[in-house]
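Here is what each chain is made of, one letter per residue.
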Amino acid sequence: MAEEPTAPPPKPRRKRFIPNYNVDGVHRIAIGEETQIQIEIVMGMDITPQCPWKLVSKDKIMETIEVGGELSEFFPLKAELEAYTQNEVLMGFIEDDSNDLDEFYVCVTVEAKDHCKFQSDKFLKRQAKKLQKAVEKKPRPWTSLGSEIEIIELIPINTRAFLELEIKTAFPTAYQPEKFCVRDTSSVRDGYIELTPYRQRFNCVFQRRIDTGAQANPPRITRHAQTELRYPQNVWTQSIADALGRGFTETGGGGDTKREKGGGVDEFFDDDDDDDSADSEPEKEPIDEVALKPYRDAIKRMRRASYVKLMTNFMTTKDAEMDSIITLNTVMDIYCNDYPNLVTQKATGVVYDSMTFEDYVCFTDVRAKNKYVSCAVFHPMWTGIVAISYADASPAVMNTLSTRPDPIKRAVYGLNPVMIWSHIDSLFPKLYLEAPREVKVLSFCPFNENILIGGCINGQVVVWDLTNKLENVEKIEVLTETRERYRIAMNAHMGWMKRISDKAVVPATALSNLMTNHYGAVTAIEWFSPNFFISQTGFTELLTADQKKSSIFFTGSEDGTILIWNLSVENVAVFGGKKVKKSHRVARRPSGLLVDVSPFCVLDRVFQPSYKIILGVTGHPDTLALQSLAMTPCPITYTYTPKPISRGRKYFTCSILPQKEEDLNVVMYCGSQHGEMRRITWEGHAFNTGEVVNSEYCVTKYRCYIHDGIITCTKKNPFLHHITMTVGGKIMAIWSDKLLNRPLIWKKRPHRLTDAVWSLYKPSLLFITTDEGNMETWDLLLRSDLPIAVQTLSGTQLTGIHVHTLPLAKNIIGVSDSNGSFQMFLDPPIFMIENETYKARFDNMLSRELNVMQSFISWQNNWLKHNPQVLLEIKRKEGALLLEKEEQKRKAKEAEDQRLEEEAEARRLAKLRVIGPAERWTMIVNKLIERTIAVKKRINKAELIEQEKPLRELEAQRLEKERRMLEIMKNQTNIFNDTVAILFPEAIKKPPKPAKTYLPPDKGAVKREYIEDYEYLKESAMRTVKENPYHASFSWEATLSEGRERREALNTYEEYLNVHKARLNYEVQELTIQPQVKKELKKRSKEAISTVEFSEAETGT
């Protein structure tokens, strides 16, 4: 039998605290009522039993001693009181019922006063805590009456696996106002701003000198500066050559100047120099030969072998000390040469001595206040141009919202900023792009410089045509002085007029059709190779050289679908079969009206995808909530093309490289919002399915759940297209197309990773941002376990990182943070080194890792194949562990139920207990004692009642709350019915309304008439049936043949059914075996076992 669980032993009672006032400096004296009144320490008025201690004026006590003399109660303490330095004396009342006199404690030293005050405060705190425990009742355990079963049945059960979430909050810090700081205006771009009247924009200018006439002119003074040693000279930093060389060198010792002939150390070592140089130089002061003689003798002694041996031994013993001195000289620049620092233009040459990114420029706009940078993309053909979209949320930031914002109000009144910035102007954006809804992702067309695609939160796709938009904004309008004054005067009188023609505001060129686009937010946009074309049935074909290049891009969404779009005006598929009508009223518009009209305007509201890929499994409703997407990039090269008006940036032209059929790669890597990574592809249909947009379930090569958070980044390597990088949670992974079901390299970091990007100069170099505001630089060729550099770029969380796609003298990398700002940094030169061997080295390293991984997988599979018991043992241990946990839970639940039952039984017995005469007498005696103590202690009942008033109010509130709860419980049926009527009015059964009828009021006559007609109708119907009998044709052969055909149609998988039937037959045979047959088999098996044991015994013998 199992042992019954015993109740835990009771906790030991807390030891009662009794204050101790018997210390040095504390005296106990009895004080009469007159003295109490005189020094103001009367019990019941000045002090109470709850607060028996009080500070009494020392002057009043000394006055009682002077008046009473030796009869005063304080006379024995006169000397100690006079020695007491403070002005107030601490006194306390002593509660003693056995003594009729009022005794007090008197503290005559500072230490005694502090001790008694500490003891009293501690005692009062414990009493207050005890009273609080007596007032506050502990809640009783829940008593189950069986209703929880019905409630549990109505609770939805989550069957999905739990997600590991990480929530971080910013610690509230006090607001600190901004402080002015010294700023070098010559080293920043916006150091000087031109302030001119009647102008709303202020341009950045260079520092200019303005010459004006002045009456006062300060005198010019020329002074000389001399560089001296920065550290004090002592025995370690000063040599004899420095001390003595000052007399025969022009600039002082140190070896920085040319050595002169004429004596000193140079003359000693350079005796064979030419004398011609000395004749052309000016005469100098004579050298002190007497002072140099000891130095020259010392040099001769240092050349002896014995001295060299002694010096060697000395250096050997002082090796450690000399190492520290050399290290100090390496770190400290003892002699400082200021001349290189005074050069304004340093020598050209790249120094690779730093891996620190230099701050360049920052973009922030007030229209993006309290928003995050949802996406930022650099222009593929214009340097320094970046498009940034702002949103209310970011996948890299975890926020906790108390209330859900109203989506309708947000869509109607909210701003959806999409801005195009230039690195030469950080104050204002160049263009402001209008969008109907919040834009989550952006993408420039890699082979069309004027096309920008955006994905909205409602699933729509936005197309902006930027043709001539930047040129119109940057174009400087030249006006004469008269026209300028006229414009200023007109604007001054028309301030009430709203400007409707702003060149910086660009409306959306085309929007996709709401009926065929995504149902969730668009989270990813990828461009397809323009050398291939995807038909409406999903088939991919190679375009010939004479055919026009395609403009196809893919969009991924949270709804679990990937849409394929063809941005072509010639292949417009209008939803609903309607055609775009062409106006024949004007055969040709004037050229002035066609300058800024985009050819993509015909796609507005009718632009729809050509094919749909569903990220799921056929027959299952669950799809992948896509967050990031990676495809093979387009094969395009860019060439610098100078323009006459550059406007601070460079322009490039693209060249599409030709491809073959074998170059087509339709493999895509998809990262989800739940940390799942899938590698998918699609096949296409051989026919048109008849849908508005033909759809297909993707072919999933494999899926992996290695990431512990949302996969915010999925990007292909720009050099090796079979390598893909994903970042999600705290894990960064490198995937290869040649390895299935697992990553090639993965690392887990201590902090959550938010975004990553490959370098465009070195294949093995990548940059990763974290939620701690740091940027990690990884070079897999140097080391793959840790980053080679970590730099803090922001005090808040970084949400994204993007690299400049075009070559510059100093390339740019952009980083966005949680404040909604986008910062640009200059790459260090060491990260911009290009070498052809980097690609081959990185490919070899990955191939080596791939071979190791594949060999290990093959060995593991082979070993598990030949050792299946290992897997069985692992599964057995897992099952045993699971059973053990279930058993522990069951025992804990049983123990808790038994404890609750015991407590309920104890409470029931306590209620049934009858108070006997002895206990009643004890209660009476206790009340009498309380009354006596109250009289002795002079306790004022009115004060006690006043002090108990808050407690009585709490009790009254509790009773009122219970009364209201009882009323609510009594009326729970009515409350429930009222609530149902308010929330679900259709569930209330209303009494049926009387139907409208055309019957006469006399229903009885109508009833009799119908009954009489019934008999006639019955007879006529029976006669008709007998005269015309119905003979049904039935054939058993036809019925059996039809059943056989239906059975053959249903039994498609006949083999599985035969296996099932064979199993059933076998089970029936096992159940029909007779008992005696089983006994016979057991008997034979026992005989065989005994025979084997006997043979083994003989063999052993």
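All of these numbers come straight from a predicted model, not from anything done at the bench. (Residues numbered from 1 in each chain as written. Predicted model: local features only at pLDDT ≥ 70, side-chain atom pairs only at ≥ 80, totals over all residues. Heavy atoms only, no water.)

A.B. asks: Can you help me understand the overall build of the protein chain in this one?
C.D. replies: Within the protein chain, the regular secondary structure consists of 24 helices and 40 strands. Counting over 1101 residues, the protein chain shows a buried share of 30%. Carbon together with sulfur atoms contributes 56% to the accessible area of the protein chain, which is approximately 79,200 Å² in total. (Helix = DSSP H or I, 4+ residues; strand = E, 2+ residues; numbered from the N terminus. Buried < 20%, exposed > 50% of the residue type's maximum accessible area, 1.4 Å probe, protein only. Areas by Shrake-Rupley, 256 points an atom, 1.4 Å probe, with all protein chains shown as cover.)

A.B. asks: What am I meant to see in the nonpolar core here?
C.D. replies: Across soluble globular proteins, you tend to see nonpolar side chains buried next to one another. One finds Leu433, Leu442, Ile453, Trp464, Phe553 and Leu567 to be the most contacted residues of the largest nonpolar core, which totals 45 residues. Residues within four places of isoleucine 453 in sequence aside, it is in contact with Val441, Leu442, Ser443, Val461, Val462, Val463, Trp464, Ile525, Trp527, Phe553 and Leu567. (Core = buried A, V, L, I, M, F, W, Y, C linked by side-chain atoms within 4.5 Å. Contact = heavy atoms within 4.5 Å.)

A.B. asks: In this structure, what is going on with the sheet that holds strand E12 (residues 439-444)? I would like to understand it.
C.D. replies: Note: strands within a sheet are paired through backbone hydrogen bonds, in either parallel or antiparallel orientation. Spatially, the four strands line up as an open sheet ordered E12-E13-E14-E16, and their pairing is antiparallel. This sheet does not close on itself; its edge strands, each paired only once, are E12 and strand E16 (510-511). Bridge analysis of strand E13 (residues 451-456) against strand E14 (residues 461-465) gives five bridges, and the strand direction is antiparallel. Along E14, the bridge assignment pairs glycine 454 with valine 462. (Pairing = 2+ DSSP bridges.)

A.B. asks: Which parts of the structure should I look at to understand the packing of aromatic side chains?
C.D. replies: Working definition: an aromatic ring pair is given by the centre-to-centre distance plus the angle between the planes. Overall, the coordinates contain 23 aromatic pairs when judged by the stated rule. Put simply, the rings of Phe447, Trp527, Phe553, Trp565 and Phe607 touch in pairs and so form one group of aromatic residues. Between the NZ or CZ atom of lysine 643 and the centre of the ring of tyrosine 651, over which it lies, the distance is 4.2 Å. One Lys or Arg, lysine 650, reaches over the ring of tyrosine 640 and ends 5.7 Å from the middle of that ring. (Phe/Tyr/Trp six-rings, centres within 6.5 Å; stacked < 30°, edge-to-face > 60°. Lys NZ or Arg CZ within 6 Å of the ring centre and 35° of its normal.)

A.B. asks: What is the right way to look at the pattern of salt bridges in this model?
C.D. replies: Between side chains of opposite charge, a pair can form when the charged atoms approach closely. One pass over the structure, following the stated rule, counts 29 salt bridges. Between glutamate 103 and arginine 28 there is a salt bridge, with the nearest N and O atoms lying 2.8 Å from each other. Here arginine 28 lies in strand E1 (residues 26-30) and glutamate 103 lies in strand E4 (residues 103-107), a separation of 75 residues in the sequence. Owing to a relative accessible area of 46%, arginine 28 belongs among the partly exposed residues under this scheme. Two residues, lysine 716 and aspartate 737, come together in a salt bridge whose shortest N-O distance is 3.6 Å. In this pair, lysine 716 sits in strand E30 (residues 711-716) while aspartate 737 sits in the loop between strand E32 (731-736) and strand E33 (745-748), placing the two residues 21 residues apart along the sequence. (Salt bridge = Lys/Arg side-chain N within 4 Å of Asp/Glu carboxyl O.)

A.B. asks: I tried to follow the pairing of strand E22 (residues 611-614) on my own but got confused; where do I start?
C.D. replies: Strand residues, when the strand is regular, have side chains that alternate between the two faces of the sheet. Sheet analysis places strand E21 (residues 561-566) next to E22, joined by four bridges and oriented antiparallel. Looking across to E22, one finds that isoleucine 564 is bridged to tyrosine 611. For E22 and strand E28 (residues 695-697), the ladder comprises three bridges, and the chain directions are parallel. Pairing of lysine 612 across the sheet is with serine 695, part of E28.

A.B. asks: What am I meant to see in the sheet that holds strand E40 (residues 822-826) here?
C.D. replies: The antiparallel open sheet is built from four strands, whose spatial order is E7-E40-E39-E38. Strands with a single pairing partner mark the edges of an open sheet, and in this sheet they are strand E7 (358-363) and strand E38 (798-803). If you compare each strand with its neighbour and ignore which way they point, the axes differ by 25 degrees on average. Bridge count between E7 and E40: five bridges; the pairing is antiparallel. Bridge pairing links glutamate 358 to leucine 826 in E40. (Axes fitted to C-alpha atoms, helices over the stretch in contact; angles between N-to-C directions.)

A.B. asks: What should I look at first to understand the confidence of the model for the protein chain in this one?
C.D. replies: Do not read the fine detail of predicted coordinates wherever pLDDT is low. Looking at the protein chain, pLDDT values average 78 and 77% of them are 70 or higher. Considering only residues more than four positions removed or in separate chains, one finds that residues 1-5, a stretch of pLDDT under 50, has one contact. Segment residues 573-584 is flagged for pLDDT under 50; beyond a separation of four residues in sequence, or across chains, it makes ten contacts in the model. (pLDDT = per-residue confidence, 0-100.)

A.B. asks: Which parts of the structure should I look at to understand the pairing of strand E39 (residues 812-817)?
C.D. replies: The buried fraction of E39 is high, at six of six residues. Neither face of E39 is left uncovered, since the one carrying Ile812, Gly814 and Ser816 and the one carrying Ile813, Val815 and Asp817 both have all their residues buried. Two strands pair when backbone bridges link them, and E38 and E39 are joined in this way by five bridges, in the antiparallel orientation. Paired with isoleucine 801 across the strands is valine 815, a residue of E39.

A.B. asks: Help me understand the environment of aspartate 392, please; the structure alone is not making it clear to me.
C.D. replies: Within the element layout of this structure, aspartate 392 appears in the loop between strand E9 (385-391) and helix H12 (407-413). As a C-alpha pair, aspartate 392 and asparagine 370 span 22 residues in sequence and 7.4 Å in three-dimensional space. For aspartate 392, the contacting residues outside a window of four places in its chain are Lys371, Tyr372, Arg410 and Glu438. A distance of 2.5 Å separates a polar atom in the side chain of aspartate 392 from a polar atom in the side chain of arginine 410. (Polar contact = N/O pair within 3.5 Å; in protein donor to acceptor, adjacent residues only side chain to side chain.)

A.B. asks: Explanation requested: the environment of glutamate 691 in the structure shown.
C.D. replies: Mapped onto the elements, glutamate 691 comes out in the loop between strand E27 (677-681) and E28. Within polar-contact distance, the side chain of glutamate 691 engages the side chain of threonine 689 at 3.1 Å. Of the polar contacts made by the side chain of glutamate 691, one reaches the side chain of serine 695; its length is 3.2 Å.

A.B. asks: What is the right way to look at unusual backbone geometry in this model?
C.D. replies: Note: most peptide bonds trans; most residues except glycine with negative phi. Phi angles above zero are rare outside glycine, and asparagine 370 is one such case at about 60 degrees. Within the chain, asparagine 468 stands out as a residue other than glycine whose phi angle is a positive 60 degrees. Checked against the element boundaries, asparagine 468 lands in the loop between E14 and helix H13 (469-474). Relative accessible area serves as the criterion here: at 32%, asparagine 468 is assigned to the partly exposed category.

A.B. asks: Mind showing me how you'd approach the packing of helix H15 (residues 836-866) against helix H16 (residues 868-912) here?
C.D. replies: Any two packed helices are characterised by the angle at which their axes cross and by the distance between the axes. Close contact between H15 and H16 brings their axes to 4 Å; oriented N to C, the two are set at 85 degrees. Classified by the angle their axes make, H15 and H16 are roughly perpendicular. In this structure, H15 uses Trp863, Leu864, Lys865 and His866 to contact H16, whose residues at the interface are Pro868, Val870 and Leu871. Taken together, the residues that form the contact of H15 with H16 break down as five nonpolar, one polar and one charged. (Parallel < 35°, antiparallel > 145°, perpendicular 65-115°, else oblique. Nonpolar A, V, L, I, M, F, W, Y, C, P; charged D, E, K, R; others polar.)

A.B. asks: Which parts of the structure should I look at to understand the side chain of threonine 509?
C.D. replies: Within the element layout of this structure, threonine 509 appears in the loop between strand E15 (505-506) and E16. The buried category is assigned to threonine 509, whose relative accessible area is 10%. A polar side-chain atom of threonine 509 sits 2.9 Å from the main-chain amide nitrogen of aspartate 465. Apart from the residues within four sequence positions on either side, threonine 509 is in contact with Val463, Trp464, Asp465, Ser598, Phe600, Cys601 and Asp604.

A.B. asks: When you look at a nonpolar patch on the surface in this model, what are you seeing that I'm missing?
C.D. replies: There is a patch of nonpolar side chains on the surface, built from Met302, Tyr307, Met311, Phe314 and Met315 and spanning about 440 Å² of accessible area. Broken down by element, the nonpolar patch gets its largest block of residues, four residues, from helix H10 (residues 305-317). Looking at where methionine 311 falls in the secondary structure, it is placed in helix H10. (Patch = residues over 30% accessible without salt bridge, like charges linked within 9 Å, V, L, I, M, F, W, Y side chains within 5 Å.)

A.B. asks: What is the right way to look at the side chain of serine 816 in this model?
C.D. replies: Within the secondary structure layout, serine 816 lies in strand E39. On the basis of relative accessibility, which here comes to 1%, the residue serine 816 falls in the buried class. Contact partners of serine 816, with chain neighbours within four places excluded, come to Val373, Leu798, Thr799, Gly800, Ser821 and Phe822.

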